[in-house]
Amino acid sequence: MARRYDYMDWLRVLSIFVVVGIHVVSKIINSTTTDDWIWHFANVFDAGLRWCVPIFFMLSGALLLTRDKEESVWQFLQKRLAKVVIPLVFWSIIYTLYNIYELGESYTPYEILVQFLTDDVYYHLWFLYTITGLYLMAPFLKLLVDHMDKKTFQAFLLFWIGFSCFLPFLPKFFEFELAVTAGLFEPYIGYFLLGAYLVLYPVPKKYLLPLGGLAIIGYFVTLGGTYYLNAGLPAGEFDDFFYEHYRPNALFITLFIFIGFQHMSKKIKPSALITRISTATFGIYVIHPLIQIYLNKFFGLNETTFNPIISVPLVWILIFAISFGIILAMQKLPVINRLVP
């Protein structure tokens with residue numbers, strides 16, 4: 001795909017900004033209860049932000065699975081995996097050192113290896129493992145995209161929505177699970193393919209308003225469902241069922257935002273700053289939890305330093321700006337720039 005999509009740069013930048021926001025307000029969600037007003041304040045934000053990670057997967061699928069360039073499987077993997085595996089190893093080491101020297105954890109070499117292999121080093125690194133898996137699958141998924149017609153593609157996506165989005169409600173609320181499991185249609189592969197579908201077959205503008213209505217409903221389902229599941233739970237025991245990225249409520253919001261940006265594409269102008277931040281999103285993602293930690297440790301700045309109405313946006317913007325500044329500097333250094341591609 002030779003052309004650069006400006007709306008995708010804007011979407012990527014907005015998504016990484018929202019990721020930082022989630023990790024700010026989630027500190028409140030996980031340390032308070034529904035009896036505290038700040039829990040509800042955080043839930044109002046968090047319930048409307050869970051579309052950001054699916055957008056990343058959709059953007060990756062949209063760009064990789066619709067490419068015209070012919071590459072062998074090994075050429076494709078060699079080019080893509082180096083960009084994620086090298087940073088994954090490096091940042092896993094960094095966060096392991098944080099766990100040892102800041103949290104006082106102690107590991108044997110074998111335990112460090114197991115943590116790395118099982119995605120148990122630090123909470124946000126799961127994304128790197130998932131995108132690695134999608135890259136491994138991408139050459140084969142591209143064959144599907146190249147040979148599926150529109151109706152077959154739609155059928156696949158409907159099965160994915162049914163299995164990944166709706167089937168998990170059965171064990172959660174009805175206490176039984178079908179023998180045909182949701183794992184048959186892995187959720188993030190679905191988002192990966194959905195991004196490609198929407199580039200190949202854009203949704204007409206007339207459907208944007210109904211999608212907006214579904215997105216609003218999805219937001220209030222997330223808001224109310226999360227309160228319902230967490231009412232009475234002690235601090236630290238948070239049920240994130242409705243926050244999961246592949247629930248239908250999250251899907252509707254994600255679809256509305258992605259398709260909305262597609263329809264604004266002609267009005268979105270190229271921006272040097274947005275393009276620059278867009279190329280730094282990977283680095284911002286991996287480093288921002290450290291910035292959040294040390295802003296609190298050295299300066300006492302966190303989501304509750306002042307009234308959360310002030311603290312949340314202040315800390316959110318500071319974490320994002322500092323992370324971007326550090327990554328910008330790292331990307332200018334030879335060798336080091338391979339750690340934040």
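Residues numbered from 1 in each chain as written. Predicted model: local features only at pLDDT ≥ 70, side-chain atom pairs only at ≥ 80, totals over all residues. Heavy atoms only, no water.

- As annotated in an unreviewed UniProt entry, the protein chain is Surface polysaccharide O-acyltransferase-like enzyme from Planomicrobium stackebrandtii.
- In its Sequence similarities (unreviewed entry) section, the UniProt record describing the protein chain reads: "Belongs to the acyltransferase 3 family."
- Looking at the Subcellular location (unreviewed entry) heading of the UniProt record, one finds this comment for the protein chain: "Cell membrane". (UniProt positions renumbered as here; feature names shortened; annotations may be inferred.)

1. Let's talk about the overall build of the protein chain
Consideration 1: Within the protein chain, the regular secondary structure consists of 14 helices and zero strands.
Consideration 2: Going from the N terminus to the C terminus, the protein chain shows its helices and strands as α-α-α-α-α-α-α-α-α-α-α-α-α-α.
Consideration 3: Projected onto its principal axes, the C-alpha coordinates of the protein chain cover approximately 55 × 50 × 45 Å.
Consideration 4: Every one of the 341 residues in the protein chain was classed for burial, and the buried ones make up 50%.
Consideration 5: Long-range pairs, those at least 24 residues apart, make up 80% of the contacts in the protein chain with a sequence separation of at least 6.
Consideration 6: Approximately 16900 Å² of the protein chain is accessible, and the part contributed by carbon and sulfur atoms is 67%. (Helix = DSSP H or I, 4+ residues; strand = E, 2+ residues; numbered from the N terminus. Buried < 20%, exposed > 50% of the residue type's maximum accessible area, 1.4 Å probe, protein only. Contact = heavy atoms within 4.5 Å. Areas by Shrake-Rupley, 256 points an atom, 1.4 Å probe, with all protein chains shown as cover.)

2. Thoughts on the nonpolar core
Consideration 1: Ranked by size, the top nonpolar core spans 107 residues in total, and within it Tyr7, Trp91, Tyr191, Leu194, Leu198 and Ile284 carry the most contacts.
Consideration 2: Looking at which element gives the most residues to this core, the answer is helix α1 (residues 6-29), with 13 residues. (Core = buried A, V, L, I, M, F, W, Y, C linked by side-chain atoms within 4.5 Å.)

3. A look at the pattern of salt bridges
Consideration 1: Taken as a whole and judged by the stated rule, the model has five salt bridges.
Consideration 2: The closest approach of N and O atoms between Arg12 and Asp9, which form a salt bridge, is 3.4 Å. One end of the pair, Arg12, and the other, Asp9, are both in helix α1, three residues apart, so they sit about a helical turn from each other. Judged on exposure class, the residue Arg12 and its partner Asp9 are both buried.
Consideration 3: Across the pair Asp239 and Lys172 runs a salt bridge, and its minimum N-O distance is 2.6 Å. (Salt bridge = Lys/Arg side-chain N within 4 Å of Asp/Glu carboxyl O.)

4. Here we look at unusual backbone geometry
Consideration 1: Even without a glycine there, the phi angle at Asp119 is positive, about 60°.
Consideration 2: Positionally, Asp119 belongs in the loop between α5 (109-117) and α6 (126-147).
Consideration 3: For Val335, which is not glycine, the phi dihedral falls at a positive 70°.
Consideration 4: Inspection of the secondary structure assignment puts Val335 in the segment after α14 (308-330).

5. Quick notes on α1
Consideration 1: Taking 1.5 Å per residue, 24 residues should reach 34 Å; α1 reaches 34 Å between its end C-alpha atoms and fits that length.
Consideration 2: For α1, the tally of buried residues reaches 19 of 24 residues, placing the bulk of the element in the interior. (Expected span 1.5 Å × (residues − 1).)

6. Some points on the state of the cysteines
Consideration 1: Applying the stated rule across the entire model yields zero disulfides.
Consideration 2: Cysteine Cys52 is unpaired, with the sulfur of Cys165 as its nearest cysteine sulfur at 16 Å.
Consideration 3: A residue is classified by how much of its surface remains accessible, and Cys52, at 0% relative accessible area, is buried.
Consideration 4: The class for Cys165 is buried, based on a relative accessible area of 0%. (Disulfide = S-S within 2.5 Å.)

7. So, a nonpolar patch on the surface
Consideration 1: On the surface, Phe173, Phe174, Phe176, Leu178, Val180 and Tyr228 cluster together into a nonpolar patch covering about 630 Å² of accessible area.
Consideration 2: Looking at the secondary structure, you find Phe174 in helix α8 (residues 169-174). (Patch = residues over 30% accessible without salt bridge, like charges linked within 9 Å, V, L, I, M, F, W, Y side chains within 5 Å.)

8. Focus: the side chain of His23
Consideration 1: With respect to the secondary-structure elements, His23 resides in helix α1.
Consideration 2: Discounting residues that sit within four places of it in the chain, His23 has contacts with Tyr123, His124, His288 and Gln292.

9. Some remarks on the side chain of Thr32
Consideration 1: The residue Thr32 is located in the loop between α1 and α2 (37-46) in this model.
Consideration 2: With relative accessibility at 11%, the residue Thr32 sits in the buried group.
Consideration 3: Looking at Thr32, its side chain comes within polar contact range of the main-chain oxygen of Ile28, at 2.7 Å. (Polar contact = N/O pair within 3.5 Å; in protein donor to acceptor, adjacent residues only side chain to side chain.)

10. A short note on the packing of aromatic side chains
Geometrically, a pair of aromatic rings is defined through the distance of the ring centres and the angle of the planes.
Consideration 1: If you walk through the whole model with that rule in mind, you get 36 aromatic pairs.
Consideration 2: Judged by centre distance (5.9 Å) and plane angle (20°), the ring pair of Phe169 and Phe173 falls under stacked. Note that Phe169 and Phe173 are positioned in helix α8 at a spacing of four residues, about one turn of the helix.
Consideration 3: What makes Phe169 buried here is its relative accessible area of 19%.
Consideration 4: Judged by relative accessible area, Phe173 falls into the partly exposed class, the value being 32%.
Consideration 5: With a centroid separation of 5.4 Å and an interplanar angle of 50°, the aromatic rings of Phe238 and Tyr243 are classed as tilted.
Consideration 6: Since its relative accessible area comes to 2%, Tyr243 is described here as buried.
Consideration 7: Among the aromatic residues, those joined into a ring-pair cluster are Phe90, Trp91, Tyr95, Tyr98, Tyr122, Tyr123, Tyr294 and Phe298.
Consideration 8: Stacked on the ring of Phe241, the Lys or Arg Arg247 has its end atom at 3.9 Å from the ring centre. (Phe/Tyr/Trp six-rings, centres within 6.5 Å; stacked < 30°, edge-to-face > 60°. Lys NZ or Arg CZ within 6 Å of the ring centre and 35° of its normal.)

11. Observations regarding the packing of α1 against α14
Consideration 1: Two numbers describe how α1 lies on α14: the axes approach to 9 Å, and their chain directions differ by 135°. Looking at the two axes, α1 sits oblique to α14. Relative to α14, the crossing made by α1 is right-handed. For the pair α1 and α14, contact is made by Ile16, Phe17, Val18, Val20, Gly21, Val24, Val25 and Ile28 and by Pro308, Val312, Val315, Trp316, Ile317, Ile319 and Phe320, respectively. (Axes fitted to C-alpha atoms, helices over the stretch in contact; angles between N-to-C directions. Parallel < 35°, antiparallel > 145°, perpendicular 65-115°, else oblique. Left-handed = near helix turned anticlockwise from the far one by under 90°.)

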